Amino acid sequence: MNSLDLPMAPRETRVVVAMSGGVDSSVVAALLKDQGYDVTGVTLQLYDHGAAVHRKGACCAGQDIHDARRVADRLGIPHYVLDYEDRFREAVIDRFADSYLAGETPIPCVECNRTVKFADLMRTAVDIGAHVLATGHYVSSRLLPDGRRGLFRAADPDKDQTYFLYATTQPQLDMLRFPLGGMTKTQTRDLARHYGLAVADKSESQDICFVPNGGYADLIRKLRPEAATPGDIVHVDGRVLGRHDGIIRFTVGQRRGLGLSGGEPLYVVALDAPRAQVIVGPREALLTRRVKLRDMSWIGEGAWRDLPADGLEVAVRVRSTRAPAPAVLHCRDGVAEVELAVGEEGVAPGQACVIYDGAGPEARVLGGGVINRAPREAPAPRLEGRQDGRLTPANGRLARG
Ligand SMILES: Nc1ncnc2c1ncn2[C@@H]1O[C@H](COP(=O)(O)OP(=O)(O)OP(=O)(O)O)[C@@H](O)[C@H]1O
């Protein structure tokens, strides 16, 4: 077996490296080339790079393509740039806008990994005869006793990106490799210097790549003018407390900027898109114990629909910034539902609930789904007909991965 768990010599193993122009994927290309693999770099142009050049933190844009090309030149490997702008707009940006408009908090990086990177790019890799598609994600994949590959948290818990990769399918996992899963970022940068890569000190991308400086509300208003529909700010007890100029400006857990004066401290606890209402309430109203999931992915043993009647003990993350927490996963009437051992605040529809086999540092990903509905524990809403309990993240920041 070679270091990529394949039964042939490295030079006979064709590897496509997904090169973003950042330090991580550049090091992957350098490492694999150094180990003797037949490496080809592919960079996807994902959106209008003219608009994004010079924007700090933007990936997949003009400067990054240039950086990827320079790294490939330095390593002496073939490098292709593929125009995936239309595909990215339709599969990632449009879905992001629609989901936001529906009062959800989507994670475009999950969609991008699932569709563009691991479906489309993988097809391209197969077309050019690759055995492996390697990326710079900080996750680990290892062979399981039954011969399948499993997806595990990265050795560096601060860098771990499993939250964004839970929707990877088993066939994709079988072809993917993540050579940085066992490394820290410092080690990666050291390797970049060792290989003389110009990107060794390139800064980390922080924002979602197509959302300049976190200004997602402006982007969504541009894409969907109806996003500026004004509406009421309503207390969970039914009182109308004020007006707002569009629900996309609000996130669950938000306390500031509500424009409400005096009285008890109030938080945004839900967004009711059909009624254009921002629902506010006391902090206790943010608490959630049960989470229903849709669009389930499963790479654990068996099928999630065949879970035992009393459920499966797992650990879950309902936000990228939280550590896995104990929970029980049930399948009830064909719907996956997670019961958290300890209630969490600000569970947001549209975010992912990622399911692990334990809460340990190198836990294995079993699957996950999109958070569909988060009934709030207390106090019971007295708002007529509002049952959906839509929640968005407390910190108002969008996760990227
Ligand atoms: N535009 C792209 N073209 C090809 N591959 C990409 C592109 N964007 C991201 N990737 C792949 O997905 C991985 C994770 O992407 P992410 O956006 O999280 O980048 P990152 O963690 O900043 O890594 P890097 O330092 O390589 O940019 C990258 O390491 C790379 O392998």
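Residues numbered from 1 in each chain as written. Predicted model: local features only at pLDDT ≥ 70, side-chain atom pairs only at ≥ 80, totals over all residues. Heavy atoms only, no water.

To be explicit about the condition: UniProt positions are given in the numbering used here, feature names are shortened, and annotations may be inferred rather than shown by experiment.
Looking up the chain in an unreviewed UniProt entry gives the name tRNA-specific 2-thiouridylase MnmA, with the organism given as Camelimonas fluminis. UniProt lists a comment for the chain under the heading Subcellular location (unreviewed entry), and it reads "Cytoplasm". Under the Catalytic activity (unreviewed entry) heading, UniProt states for the chain: "S-sulfanyl-L-cysteinyl-[protein] + uridine(34) in tRNA + AH2 + ATP = 2-thiouridine(34) in tRNA + L-cysteinyl-[protein] + A + AMP + diphosphate + H(+)".

**Some remarks on the UniProt feature "site: Interaction with tRNA" (unreviewed entry) in the chain**
Worth spelling out the cut-off: By the criteria applied, helices consist of DSSP H or I runs no shorter than four residues and strands consist of E runs no shorter than two, each listed in order from the N terminus. Definition of a polar contact: a pair of N or O atoms within 3.5 Å, with one able to donate and the other able to accept a hydrogen when the atoms are protein atoms, and with sequence-neighbouring residues admitted only if both atoms are side-chain atoms. Here's how the labels work: a residue is buried when its accessible area is under 20% of the maximum for its type, exposed when over 50%, partly exposed in between, all with a 1.4 Å probe on protein chains only.
Within the UniProt annotation, "site: Interaction with tRNA" (unreviewed entry) is assigned to His137 and Gln351. With respect to the secondary-structure elements, His137 resides in the loop between β4 (132–134) and β5 (139–143). Within the structure, the side chain of His137 is placed 2.8 Å from the side chain of Thr135, a separation counted as a polar contact. Note on placement: Gln351 falls in the loop between β15 (335–345) and β16 (352–356). Looking at Gln351, the relative accessible area reads 4%, which means it is buried.

**A word on the side chain of Asp156**
Where we set the bar: This count recognises Lys and Arg as positive and Asp and Glu as negative, with His and chain-terminal groups excluded. A side-chain nitrogen of Lys or Arg and a carboxyl oxygen of Asp or Glu constitute a salt bridge if their distance falls within 4 Å. By definition in these notes, contact holds between two residues if any of their heavy atoms fall within 4.5 Å.
Secondary-structure assignment places Asp156 in the loop between β6 (149–153) and α6 (170–175). Although Asp156 is buried, it forms no salt bridge, and the closest oppositely charged side chain is Lys159 at an N-O distance of 6.9 Å. Residues within four places of Asp156 in sequence aside, it is in contact with Met183, Thr184 and Lys185.

**Observations concerning the sheet that holds strand β1 (residues 14–18)**
Put simply, the test is: When DSSP locates at least two bridges between a pair of strands, those strands are taken to pair. Lines fitted to the C-alpha atoms define the axes, with helices restricted to the stretch that makes contact. Angles between their N-to-C directions range from 0 to 180 degrees.
Taken in spatial order, the 5 strands make up an open sheet running β3-β2-β1-β4-β7, and their pairing is parallel. Single-partner strands in this sheet number two, and they are β3 (79–83) and β7 (176–177). Looking at chain direction, β4 and β7 are connected through 2 bridges and run parallel. Bridge pairing in β7 places Ala134 opposite Arg177. Contacts between helix α3 (residues 62–75) and the sheet are confined to β2 (38–45) and β3, with β3 contributing the most and set at about 160° to the helix.

**Let's talk about the packing of helix α1 (residues 23–34) against helix α7 (residues 185–194)**
Between two packed helices, what matters for the description is the angle formed by their axes and the separation of those axes. Note the cut-off: Here the angle decides the label: under 35 degrees means roughly parallel, over 145 means roughly antiparallel, 65 to 115 means roughly perpendicular, and every other value means oblique. By definition, turning the near helix anticlockwise from the far helix through less than a right angle yields a left-handed crossing, and turning it clockwise yields a right-handed one. Gly falls in the polar group here, along with every residue not listed as nonpolar (Ala, Val, Leu, Ile, Met, Phe, Trp, Tyr, Cys, Pro) or charged (Asp, Glu, Lys, Arg).
The geometry of α1 relative to α7 is characterised by a closest axis approach of 9 Å and an angle of 60° between their N-to-C directions. As summarised for this structure, α1 and α7 are arranged oblique, according to the angle between their axes. Considering how the two elements wind past one another, α1 and α7 form a crossing that is left-handed. Contacts between α1 and α7 involve Val23, Asp24, Val27 and Leu31 from the former and Lys185, Thr188, Arg189, Leu191 and Ala192 from the latter. Split into classes, the residues belonging to the contact of α1 with α7 amount to 5 nonpolar, 1 polar and 3 charged.

**Here's the deal with α7**
Under the convention used in this document: In this description, one arc is meant: the one made by directions from the helix axis to the C-beta atoms.
Those residues of α7 that sit buried are Lys185, Thr188, Arg189, Leu191 and Ala192. Along the axis of α7, the buried positions cluster into a sector of 160°, meaning they face one direction only. Set apart from the buried face of α7 by more than 90 degrees, the exposed residues are Thr186 and His194. Packing partners of the buried residues in α7 comprise α1. Count one or two residues on from α7 and you reach Gly196, which has phi positive near 65°.

**Comments concerning the UniProt feature "binding site: ATP" (unreviewed entry) in the chain**
Under the UniProt annotation, "binding site: ATP" (unreviewed entry) lies at Ala18, Met19, Ser20, Gly21, Gly22, Val23, Asp24, Ser25, Leu44 and Gly136. By secondary structure assignment, the location of Gly22 is in the loop between β1 and α1.

**Some details on the confidence of the model for the chain**
So the rule is basically this: Summary of the metric used: pLDDT quantifies the predictor's per-residue confidence within the range 0 to 100.
Looking at the chain, pLDDT values average 87 and 89% of them are 70 or higher. Segment residues 52–59: pLDDT under 50, and 19 contacts once partners within four positions in sequence are set aside and those in other chains are kept. For the stretch residues 375–399, pLDDT sits under 50, and the model shows 101 contacts to residues farther than four places along the chain or on other chains.

**Regarding the packing of aromatic side chains**
Stated precisely, the cut-off is as follows: What counts as a ring pair is set by centres within 6.5 Å for rings of Phe, Tyr and Trp (its six-membered ring), and what kind of pair is set by the plane angle: stacked under 30 degrees, edge-to-face over 60, tilted for all other angles.
As enumerated under the stated definition, the model contains 6 aromatic pairs in all. Centre to centre, the rings of Phe88 and Phe210 are 5.7 Å apart; their planes meet at 80°, and the pair counts as edge-to-face. Of this pair, Phe88 sits in helix α4 (residues 85–101) while Phe210 sits in the loop between α7 and α8 (216–223), placing them 122 residues apart in sequence. Per residue, the accessibility class of Phe88 equals that of Phe210, and both read buried.

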